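# Report on the structure
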Amino acid sequence: MLAGKKILLGITGGIAAYKSVLLVRMLVKAQAEVQVIMTPSASAFVSPLTLATLSKRPVLSEYFNSESGEWNNHVELGLWPDLMVIMPLTANTLAKIVHGISDNLLLAAYLSARCPVMVAPAMDLDMWKHPSTRRNMEQLILDQVFVIPPGIGELASGLYGEGRMAEPEDQFDCISTFFQTKATLIGKSVLVTAGPTHEAIDPVRFIGNHSSGKMGFALALICARRGANVHVVHGPVSASLPSHPNIVGHSVTSAIEMHEQCLNLFPEMDWAICAAAVSDYRPDVIQTEKIKKQGDELHLRLIKNPDILETLGNTRQKHQTVVGFALETENEIENAKRKLEKKKADLIVMNSLRSEGAGFGSDNNHVWLVSNSGTTEIELASKEQIAQTIVDAIELLQHEK
């Protein structure tokens, strides 16, 4: 996968920089060409000589090489690679990248890069959780930089928590995956909703459904593998959010919260795939204390939740594509066609509760794709296979616009 690929590896001044030695070794062993750039402070954590020996190239750090008398041209460096990787991405370098500061060779190469950029953040727990860092990370993702999320573990400070840089093996897998899939969605931003919503009745009870989030997560993963930056807004799910450098999760509970999060994200999106099983109604009053069991009946007054798909369909721009899901028990195709028109969607993915071996909680699905150009049945298959077919169909619709 990596043979002949040109990778520009930027190493910054963080304690996790020592792990770059193993990453360089793995990349070179996979026959990639690796050019290392270090910030001036990075050499305090890892030896340039070691990295130069492993990469078989001189390590660059300054604009001007006093020994050779040559200038390290940041523009040429930005044009050379197929992929730029920055690790560890410290809070300092993150802030500089987001604000376009170019006070070292690595940052100048980043600003000159015409290739995709992948970063592996690493910092202490409190720095990672700080509002400034969170804002910078959000902007970085909007700038279409692929993020290899940090893990949870022991930190250099002695604390235990989130902020530990992804291990070199995980970074290598992300780089390999980036090159092995067809990158048809690079530069695209995709919003995916997944899972159920829970509408609180009181502090311990809620109205919900059996959605696991698996179908939405499969769609997010396929889009991410094809190069898109994917934002997943999900309710309380039993499935795990896919681990991929360009998937960002936004956890919500209620339909109102999901609606608000989608409205915030949608203006920056190219696609919206509404795969969540959103509750149609919610209690008009949420009791602050647990409802005691009294009498033989309990009456709840429900009010309608906002329709996320309809809202996005009515507010989208011309370039945006909107896809919805429908779960039907009768007159399936006719109801899906009505939903397509009413919600102003480009495509409706119709699920039927009559499909044996498919649906809520299952790893398989059986759907029909309903659009203005016709209806296509997708026979029972894994949700990942179904997701690939759905994404293919959306790409085709995009080309036809």
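All of the points below concern the structure found in this document. (Residues numbered from 1 in each chain as written. Predicted model: local features only at pLDDT ≥ 70, side-chain atom pairs only at ≥ 80, totals over all residues. Heavy atoms only, no water.)

## A closer look at the overall build of the protein
For the record, the criterion: The secondary structure listing takes helices from DSSP runs of H or I that are at least 4 residues long and strands from runs of E that are at least 2 residues long, numbered from the N terminus. Burial status follows relative accessibility: with a 1.4 Å probe on protein chains alone, a residue under 20% of its type maximum counts as buried, one over 50% as exposed, and anything between as partly exposed. Pairs of residues are marked as contacts when any of their non-hydrogen atoms sit within 4.5 Å. Accessible surface area values rest on a Shrake-Rupley calculation with a 1.4 Å probe, where residue burial reflects the displayed protein chains alone. Asp and Glu count as negative and Lys and Arg as positive, but His and the ends of the chain are not part of the count. One atom stands in for each charge, and that atom is NZ of Lys, CZ of Arg, CG of Asp or CD of Glu.
Scanning the protein from N- to C-terminus turns up 13 helices and 21 strands. Along the three orthogonal principal directions, the C-alpha set of the protein runs to about 85 × 50 × 35 Å. For the protein, with 401 residues in total, the buried portion stands at 50%. Put simply, 69% of the contacts in the protein that link residues at least 6 apart link residues at least 24 apart. For the protein, the exposed area adds up to about 19500 Å²; of that, 50% sits on carbon and sulfur atoms. Across the protein, the 36 positively charged side chains and the 44 negatively charged ones have centroids separated by 1 Å.

## Quick look at unusual backbone geometry
A cis geometry characterises the amide bond from Met-87 onward to Pro-88, with omega recorded as -15°. Mapped onto the secondary structure, Pro-88 falls in strand S5 (residues 83-89). The residue Gln-31 is not glycine, and still its phi comes out positive at about 70°. At Lys-56, a residue that is not glycine, the phi angle is positive and equals roughly 65°. Looking at the secondary structure, you find Lys-56 in the loop between helix H2 (48-55) and strand S3 (64-65).

## Notes on the packing of helix H1 (residues 20-29) against H2
To describe two helices that pack against each other, one gives the angle between their axes and the distance between the axes. Condition: Throughout, an axis means a line fitted to C-alpha atoms (over the contacting stretch in the case of helices), and angles, computed between N-to-C directions, take values from 0 to 180 degrees. If an angle is under 35 degrees, it is roughly parallel; if it is over 145, roughly antiparallel; if it lies from 65 to 115, roughly perpendicular; otherwise it is oblique. Residues are sorted three ways: Asp, Glu, Lys and Arg are charged, Ala, Val, Leu, Ile, Met, Phe, Trp, Tyr, Cys and Pro are nonpolar, and all the rest, Gly among them, are polar.
At their nearest, the axes of H1 and H2 sit 9 Å apart, and the two run at 10° to each other. With respect to their mutual orientation, H1 and H2 come out roughly parallel. Taken together, the residues of H2 that come into contact with H1 (itself represented by Ser-20, Val-21, Val-24 and Val-28) are Thr-50, Leu-51, Leu-54 and Ser-55. Of the residues contributing to the contact of H1 with H2, the split by class is five nonpolar, three polar and no charged.

## Regarding the pairing of strand S1 (residues 6-11)
Quick reminder of the rule: Note: two strands are recorded as paired if DSSP finds a minimum of 2 bridges between them.
Buried residues dominate S1, accounting for five of its six residues. Here S1 pairs with strand S2 (residues 33-38) via six bridges, running parallel. Within S2, the residue paired with Leu-8 across the bridge is Gln-35. Alignment of S1 against S5, held across four bridges, turns out to be parallel. From the neighbouring strand, Leu-9 faces S5, where its bridge partner is Val-85.

## A closer look at the packing of helix H10 (residues 255-265) against helix H11 (residues 308-315)
Put simply, the rule is: Helix crossings are classified by the rotation of the near helix relative to the far one: an anticlockwise turn of less than a right angle makes the crossing left-handed, while a clockwise turn makes it right-handed.
The geometry of H10 relative to H11 is characterised by a closest axis approach of 10 Å and an angle of 20° between their N-to-C directions. One finds that H10 runs roughly parallel with respect to H11. In this structure, H10 meets H11 at a crossing whose hand is right-handed. The segment H10 lies against H11, with Ala-255, Met-258, His-259, Cys-262 and Leu-263 engaging Ile-308, Thr-311 and Leu-312. Class assignment for the residues of the contact of H10 with H11 results in six nonpolar, two polar and no charged.

## Some details on the sheet that holds strand S10 (residues 189-194)
With mixed pairing, the eight strands of this open sheet are ordered in space as S14-S13-S10-S15-S18-S19-S20-S21. The open sheet has two edge strands with one neighbour each: strand S14 (247-251) and strand S21 (374-382). Between one strand axis and the next, the sheet turns by 20° as a mean value, whatever way the strands run. As paired elements, S10 and strand S15 (residues 271-274) share four bridges and run parallel to each other. Within S15, the residue paired with Leu-191 across the bridge is Ala-272.

## Remarks on the environment of Gly-13
Considering the arrangement of structural elements, one finds Gly-13 in the loop between S1 and H1. Gly-13 sits in the partly exposed class, given a relative accessible area of 28%. With 79 residues separating them along the chain, Gly-13 and Asn-92 place their C-alpha atoms 9.3 Å apart. In this structure Gly-13 touches Thr-39, Ser-41, Ala-42, Phe-45 and Thr-90, once residues within four positions along its chain are discounted.

## A word on the pairing of S10
Among the six residues of S10, six are classified as buried, and the element is accordingly described as predominantly covered. A two-sided burial pattern is seen for S10, the buried positions comprising Ser-189, Leu-191 and Thr-193 on one face and Val-190, Val-192 and Ala-194 on the other.

## Side note on the side chain of Thr-39
Worth spelling out the cut-off: In protein, a polar contact requires one atom able to donate a hydrogen and another able to accept it; more generally it is a pair of N or O atoms within 3.5 Å, and residues adjacent in sequence count only if both atoms are side-chain atoms.
One can find Thr-39 in the loop between S2 and H2. Within polar-contact distance, the side chain of Thr-39 engages the backbone nitrogen of Gly-13 at 3.4 Å. For Thr-39, the contacting residues outside a window of four places in its chain are Ile-11, Thr-12, Gly-13, Ser-61, Asn-104 and Leu-106.

## What about the pattern of salt bridges?
Put simply, the test is: Whenever a carboxyl oxygen of Asp or Glu lies within 4 Å of a side-chain nitrogen of Lys or Arg, that contact is scored as a salt bridge.
Within this structure, the stated rule accounts for 12 salt bridges. A salt bridge links Glu-167 to Arg-164; its shortest N-O distance comes to 3.3 Å. Look at Glu-167 and you get partly exposed, because its relative accessible area is 27%. Relative accessible area serves as the criterion here: at 29%, Arg-164 is assigned to the partly exposed category. Of the charged contacts, one joins Arg-301 and Asp-284 as a salt bridge, the two residues approaching to 3.0 Å between their closest N and O atoms. Of the two residues, Arg-301 sits in the loop between strand S16 (281-283) and strand S17 (302-304) while Asp-284 sits in the loop between S16 and S17, which places them 17 residues apart along the sequence. The class for Asp-284 is partly exposed, based on a relative accessible area of 34%. Because the salt bridges share partners, they merge into one network encompassing Lys-19, Arg-164 and Glu-167.

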